[in-house]
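# Coordinate inspection notes
Here is how the chains run, residue by residue.
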Amino acid sequence: MKTPAWLPPALLFIAALLQSSFFPVLGMDRARPELVVTAVVIWAVLRGMREALPWAFIGGLLLDLFSQGPFGTAALALVIVAFCSSVGEASVFRTNFLLPTMIVFWAAVFYGVLYLFLLRTHQYPVDWLGTLRHSVVPSAIFSAACAPAVYWLLSKIERRTRVIAPVEW
Amino acid sequence: MLIRRRLPPVTSGAPPSPLIWLAIFVCLSIAATFLDSRHLLDGPRSAVMRLLGPIQAGVSRVGQSVNGVTTGWSEIGRLRTENAALRGTVEELLQETVNLRASELENRELRDHLRYSRENPTRTLLPAEIIGLDSSALLGYAVINRGGDVGVSEGMTVQSTAGLVGRVVSRSGNTSRILLINHPSSSVNARIQGSPGATGQVLGQPDGRLIMRYIPQAETVRVNDIIVTSGLGGAFPGNVPIGRIAHVETRDVDLFQRAVIEPFVNFHKIGHIIVDTGFIPAKL
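Residues numbered from 1 in each chain as written. Chains lettered and ligands numbered in written order. Predicted model: local features only at pLDDT ≥ 70, side-chain atom pairs only at ≥ 80, totals over all residues. Heavy atoms only, no water.

### Some points on the sheet that holds strand β11 (residues 241-249) of chain B
The pairing of strands in a sheet happens through backbone hydrogen bonds and is either parallel or antiparallel. Residues and elements named next belong to chain B. One closed barrel holds the six strands; their spatial order is β7-β8-β9-β12-β11-β10, and the pairing between them is antiparallel. Each adjacent strand pair in this sheet contributes to an overall mean axis angle of 40°, direction not counted. Pairing geometry for strand β7 (residues 187-192) and strand β8 (residues 199-204), over five bridges, is antiparallel. Bridging from a neighbouring strand, valine 188 pairs with valine 202 of β8. (Pairing = 2+ DSSP bridges. Helix = DSSP H or I, 4+ residues; strand = E, 2+ residues; numbered from the N terminus. Axes fitted to C-alpha atoms, helices over the stretch in contact; angles between N-to-C directions.)

If you want it as structure tokens, here you go:
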């Protein structure tokens with residue numbers, strides 16, 4: 001069964017909405033779980049790059065929509081992160097939640113660095129050390145903490161929408 | 001024989017290389033950035049945000065509610081600790097206030113004593129402190145912390161800076177028992193200040209009041225007249241203030257007038273007193 005077309009945007013929309021409107025009012029103003037990054041990375045691990053790239057692009061655009069930064073920046077960063085994360089697809093440990101958790105942590109750090117770099121190319125002032133210490137790394141830790149739950153949810157969806165083809169021997 | 005095997009999801013036709021997909025999405029992202037830098041996406045972006053705004057506001061409100069609940073729970077412990085600390089502080093401050101007030105009263109009384117002693121240089125005055133006061137109206141005694149060791153003896157007058165308190169009725173080495181003038185068994189010869197002929201007896205009442213009896217009918221007695229000891233009988237020295245007339249009872253059929261006296265001394269708040277050790281009562 002193919003993944004329904006509405007599912008990625010819907011899930012990513014909810015994730016982006018939580019990330020932009022729910023977590024900040026809980027006091028997570030500088031560091032918060034990067035749910036969109038987490039979902040994209042885990043989907044890349046579960047389904048590979050071919051399905052993760054559209055997720056990354058859509059998720060990035062949603063993040064751009066809710067943010068005040070230049071439009072397309074988060075999309076570009078997330079597409080690159082999804083591409084790099086999809087190396088976990090080949091891993092034999094992908095059914096274990098530990099691998100996605102570790103990948104999510106490093107992917108979130110990479111996404112943060114990449115996003116800051118892209119902002120800098122748009123002439124935005126960037127305090128590298130302070131942002132890394134107070135925002136990027138704590139956000140990556142939050143994201144890694146959320147990864148098992150997101151992995152559990154997405155792996156269920158993945159199992160239901162897995163393509164099973166009959167093979168004749 | 002058919003077995004089921006997991007296959008990667010595939011699209012119909014020959015799938016493009018992953019790198020081509022990557023290139024496509026990177027190009028789309030860069031295009032979006034370029035269009036945004038030219039402000040070509042401002043309109044669609046604001047239109048979408050106008051639609052999403054209420055949803056965002058709703059999610060934010062839910063977040064605020066959740067935050068309120070979690071903050072409330074997490075603050076309970078802190079508030080309890082803070083409350084306990086504040087209670088401790090309040091108790092300490094209360095204790096400090098009580099001590100300061102007591103010191104202030106003591107200071108005021110001692111200053112009054114000093115002033116009184118200076119105003120009465122002919123008298124030998126011994127300051128003392130009341131260390132026990134009978135709470136019932138049946139036993140109107142007070143105990144002071146001076147006794148025979150420092151020259152206190154029976155019959156000596158005890159007064160405060162406000163007025164007459166009583167007299168010593170018994171003593172030990174370091175304490176003495178005082179009969180207060182508002183006790184029913186107390187009787188003090190007194191007069192109305194300014195009227196030499198208007199004499200009487202000030203008697204204590206069971207309810208703690210003072211009544212002046214045996215005031216001759218011929219004398220004019222007014223409310224607020226000052227009552228002092230007359231010195232008659234030799235039990236008390238003369239001219240020690242007792243109180244002020246609060247009410248006068250005059251009846252034509254009676255031989256004498258009667259007056260209710262408001263004492264100058266507040267018998268419920270006596271702290272420091274003075275024993276007039278220079279006055280020896282006459283034994284008639």
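### Things to note about the layout of surface pockets
Residues and elements named next belong to chain A. The computed volume of the largest pocket comes to approximately 780 Å³. As for the largest pocket, its lining consists of 28 residues, of which Arg30, Arg32, Glu34, Tyr115 and Ser135 are closest to the centre. For the lining of the largest pocket, the secondary structure elements donating two or more residues are α1 (7-22), α3 (49-66), α5 (98-121) and α6 (128-160). Sort the elements by how many residues they give to the lining of the largest pocket and α5 lands first, with six residues. Of the residues in the lining of the largest pocket, the class split is 14 nonpolar, nine polar and five charged. (1 Å grid on protein atoms, 1.4 Å probe; cavity = no way out; pocket = protein on both sides within 12 Å on 5 of 7 lines; lining within 4 Å. Points joined across faces, edges and corners; volume = space filled by probe spheres on them. Nonpolar A, V, L, I, M, F, W, Y, C, P; charged D, E, K, R; others polar.)

### Considering the nonpolar core
The tendency in soluble globular proteins is for nonpolar side chains to be buried as a group. The biggest cluster of nonpolar side chains holds 64 residues, and the ones touching the most others in it are Val36(A), Val40(A), Ile42(A), Val79(A), Tyr111(A) and Leu154(A). Ranked by residues supplied to this core, first place goes to α5(A) with 12 residues. With residues near it in sequence (within four places) discarded, Tyr111(A) still touches Glu34(A), Val37(A), Leu63(A), Ala74(A), Ala77(A), Leu78(A) and Val81(A). Ile181(B), Leu210(B), Val240(B) and Ile245(B) belong to the second-largest nonpolar core, a separate cluster that totals 35 residues. (Core = buried A, V, L, I, M, F, W, Y, C linked by side-chain atoms within 4.5 Å. Buried < 20%, exposed > 50% of the residue type's maximum accessible area, 1.4 Å probe, protein only. Contact = heavy atoms within 4.5 Å.)

### Let's talk about the environment of Leu78(A)
Residues and elements named next belong to chain A. With respect to the helices and strands, leucine 78 occurs in helix α4 (residues 73-85). When its relative accessible area of 0% is taken as the criterion, leucine 78 is described as buried. Leucine 78 sits 15 residues away from leucine 63 along the chain, and the two C-alpha atoms are 9.8 Å apart. Not counting residues within four places of it along the chain, the set of residues in contact with leucine 78 comprises Val36, Val37, Val40, Ala56, Gly59, Gly60 and Tyr111.

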